[in-house]
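Below are the chains, spelled out letter by letter.
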Amino acid sequence: MADIGKILVLHGPNLNLLGLREPQHYGSSTLASINQQLIDLGASQKVSVETFQSNREYEIIERIHATLQDGTDYIVINPAAFTHTSVAIRDALAGVKVPFVEVHLSNVHARETFRHHSYFSDLAIGVICGLGAKGYAYALEFVIDRLKSAK
């Protein structure tokens, strides 16, 4: 299936509660439905899409480190609350040098002040926020286009 490349979609803490938690901010789609849509979109474009969610910072870091060995071409990441707190995940992304797009379901700039700062945005090749679950699909389409133009 991975004729063109491999994309890893990472989901941070509490995103396993999508569909239940604060739908006014995060929408009603579940993480399972978002993941399936992304996998299907990738398959239609001959791109392998792997998804991974964790509430544990170290597991996300370990998964990022694994990209050094598994052929990941791009990462789409919603760091969730780690956006505003995790220098460790930032360092992992900087260390592996796999290009990534940062995604947020809600418009973090229209929310609490502490959500306005991201430890990732300056390293990202793009940032999408406030577009709900479609933000993931837009990010995936963007990196698929980059993969196609590189081949």
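Residues numbered from 1 in each chain as written. Predicted model: local features only at pLDDT ≥ 70, side-chain atom pairs only at ≥ 80, totals over all residues. Heavy atoms only, no water.

## Quick look at the side chain of threonine 72
Working step 1: With respect to the helices, strands and loops of the structure, threonine 72 is situated in the loop between α3 (57-70) and β3 (74-78).
Working step 2: A distance of 2.6 Å separates the side chain of threonine 72 from the side chain of aspartate 70, its partner in a polar contact.
Working step 3: Dropping the residues within four chain positions of it, threonine 72 is found in contact with Lys6, Leu8, Arg63, Thr67 and Val98. (Helix = DSSP H or I, 4+ residues; strand = E, 2+ residues; numbered from the N terminus. Polar contact = N/O pair within 3.5 Å; in protein donor to acceptor, adjacent residues only side chain to side chain. Contact = heavy atoms within 4.5 Å.)

## Some remarks on the packing of helix α2 (residues 31-44) against helix α5 (residues 134-150)
Working step 1: Running from amino to carboxyl end, α2 crosses α5 at an angle of 20°, the nearest separation of the two axes being 10 Å. Classed by the angle they form, the pair α2 and α5 counts as roughly parallel. Between α2 and α5 lies a crossing of right-handed hand. Facing α2, whose interface residues are Ile34, Leu38, Leu41 and Gly42, α5 presents Tyr136, Ala137, Leu140, Glu141 and Ile144.
Working step 2: Here the contact of α2 with α5 is composed, by residue class, of 7 nonpolar, 1 polar and 1 charged. (Axes fitted to C-alpha atoms, helices over the stretch in contact; angles between N-to-C directions. Parallel < 35°, antiparallel > 145°, perpendicular 65-115°, else oblique. Left-handed = near helix turned anticlockwise from the far one by under 90°. Nonpolar A, V, L, I, M, F, W, Y, C, P; charged D, E, K, R; others polar.)

## Digging into the environment of serine 29
Working step 1: For serine 29, the location among the structural elements is in the loop between α1 (23-26) and α2.
Working step 2: For serine 29, a relative accessible area of 29% translates into the label partly exposed.
Working step 3: Residues serine 29 and leucine 18, spaced 11 residues apart in sequence, show a C-alpha to C-alpha distance of 6.4 Å.
Working step 4: Contact partners of serine 29, with chain neighbours within four places excluded, come to Leu18, Gly19, Ile34 and Ala133. (Buried < 20%, exposed > 50% of the residue type's maximum accessible area, 1.4 Å probe, protein only.)

Function-wise, these values are silent; they only describe arrangement.
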